[in-house]
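Chain by chain, the residues:
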Amino acid sequence: EAGVAQSPRYKIIEKRQSVAFWCNPISGHATLYWYQQILGQGPKLLIQFQNNGVVDDSQLPKDRFSAERLKGVDSTLKIQPAKLEDSAVYLCASSLDNQPQHFGDGTRLSIL
Amino acid sequence: AQSVAQPEDQVNVAEGNPLTVKCTYSVSGNPYLFWYVQYPNRGLQFLLKYITGDNLVKGSYGFEAEFNKSQTSFHLKKPSALVSDSALYFCAVGPNNNNDMRFGAGTRLTVKP
């Protein structure tokens with residue numbers, strides 16, 4: 001089966017600019033997750049969707065981060081405006097109910 | 001709130017020797033525990049999980065983990081390490097099977113020929 005697809009793989013922007021990441025989960029996976037992985041740390045959950053509804057966004061910095069999954073399939077994560085501390089790898093994952101999460105290869109974001 | 005700790009940033013072993021990567025957890029209620037592996041510039045790959053049942057869990061690529069409730073530990077083990085096992089290993093805990101998972105900071109395993 002095809003894995004979780006993410007694009008772009010790399011992005012370099014200046015602080016205060018906007019950026020968007022795209023994720024296409026494994027076909028049929030109802031649950032989709034966005035994680036932020038800062039260098040030297042484990043992934044931190046930003047938001048979790050069940051189909052097109054938000055299950056958990058308690059750790060999402062809502063003043064600058066937003067995410068949507070309008071049709072319950074692919075998803076976009078946006079940062080506006082970006083700060084230096086947003087430099088990280090942004091990982092998308094998907095899962096079937098009660099099954100392990102499958103991760104994409106991530107988008108590495110560098111803020112100048 | 002649940003959390004995990006991986007006390008070792010780095011573990012070095014020789015090829016063919018047994019390996020252990022340590023993890024301790026803190027959670028209210030029964031823990032759901034996971035191990036994931038991450039290769040350079042790749043996403044995380046699931047290795048194994050503990051929900052209930054036998055304390056020794058077997059997973060992918062010959063890895064296993066032992067759940068110890070009294071020590072609140074879930075150490076990852078492999079009887080004979082391979083050079084290809086060199087990677088970053090993450091322990092994670094959740095209140096249920098897939099929601100609100102908290103990852104440790106990771107342990108870099110290096111297996112030397």
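Here is a short report on the structure shown in this document. (Residues numbered from 1 in each chain as written. Chains lettered and ligands numbered in written order. Predicted model: local features only at pLDDT ≥ 70, side-chain atom pairs only at ≥ 80, totals over all residues. Heavy atoms only, no water.)

**Digging into the sheet that holds strand E1 (residues 5-7) of chain A**
All names here are of chain A.
Right, so step 1: On the basis of which strands lie adjacent, the open sheet formed by 4 strands has the order E1-E3-E8-E7 and antiparallel pairing. Lying at the two open borders of the sheet, with one neighbouring strand each, are E1 and strand E7 (65-68). Strand-to-strand twist of the sheet, defined as the mean angle between neighbouring strand axes without regard to direction, takes the value 15°.
Right, so step 2: Strand direction decides the pairing type here: E1 and strand E3 (residues 19-24), joined by 3 bridges, are antiparallel. Note on E3: the bridge partner recorded for Gln6 is Cys23. (Pairing = 2+ DSSP bridges. Helix = DSSP H or I, 4+ residues; strand = E, 2+ residues; numbered from the N terminus. Axes fitted to C-alpha atoms, helices over the stretch in contact; angles between N-to-C directions.)

**Quick word on the pairing of strand E8 (residues 64-68) of chain B**
Residues and elements named next belong to chain B.
Right, so step 1: For strand E7 (residues 56-58) and E8, the ladder comprises 3 bridges, and the chain directions are antiparallel. Note that in E8 the partner of Leu56 across the bridge is Glu66.
Right, so step 2: The loop that links E7 with its antiparallel partner E8 comprises 5 residues; one of these, Tyr61, has a positive phi angle of about 60°.
Right, so step 3: Direction of pairing for E8 relative to strand E9 (residues 73-78): antiparallel, over a ladder of 5 bridges. Residue Glu66 lies in a different strand from E9, and its bridge partner there is His75.

**What to know about the state of the cysteines**
Right, so step 1: Per the stated rule, a full pass over the model turns up 2 disulfides over all chains.
Right, so step 2: Disulfide partner of Cys23 of chain A: Cys92 of chain A, at an S-S distance of 1.9 Å. Because the sign of the S-S torsion sets the handedness, a value of about -70° for the bond joining Cys23 of chain A and Cys92 of chain A places this disulfide among the left-handed ones. Taken together, the residues Cys23 of chain A in strand E3 and Cys92 of chain A in strand E9 (residues 88-95) connect sequence positions 69 residues apart.
Right, so step 3: Disulfide partner of Cys23 of chain B: Cys91 of chain B, at an S-S distance of 2.0 Å. When the S-S torsion is -65°, as for the bridge of Cys23 of chain B with Cys91 of chain B, the disulfide is left-handed. Of this pair, Cys23 of chain B sits in the loop between strand E3 (19-21) and strand E4 (24-26) while Cys91 of chain B sits in strand E10 (residues 87-94), and the two are 68 residues apart along the sequence. Taken individually, Cys23 of chain B and Cys91 of chain B each receive the classification buried, so the pair is uniform in this respect. (Disulfide = S-S within 2.5 Å. Buried < 20%, exposed > 50% of the residue type's maximum accessible area, 1.4 Å probe, protein only.)

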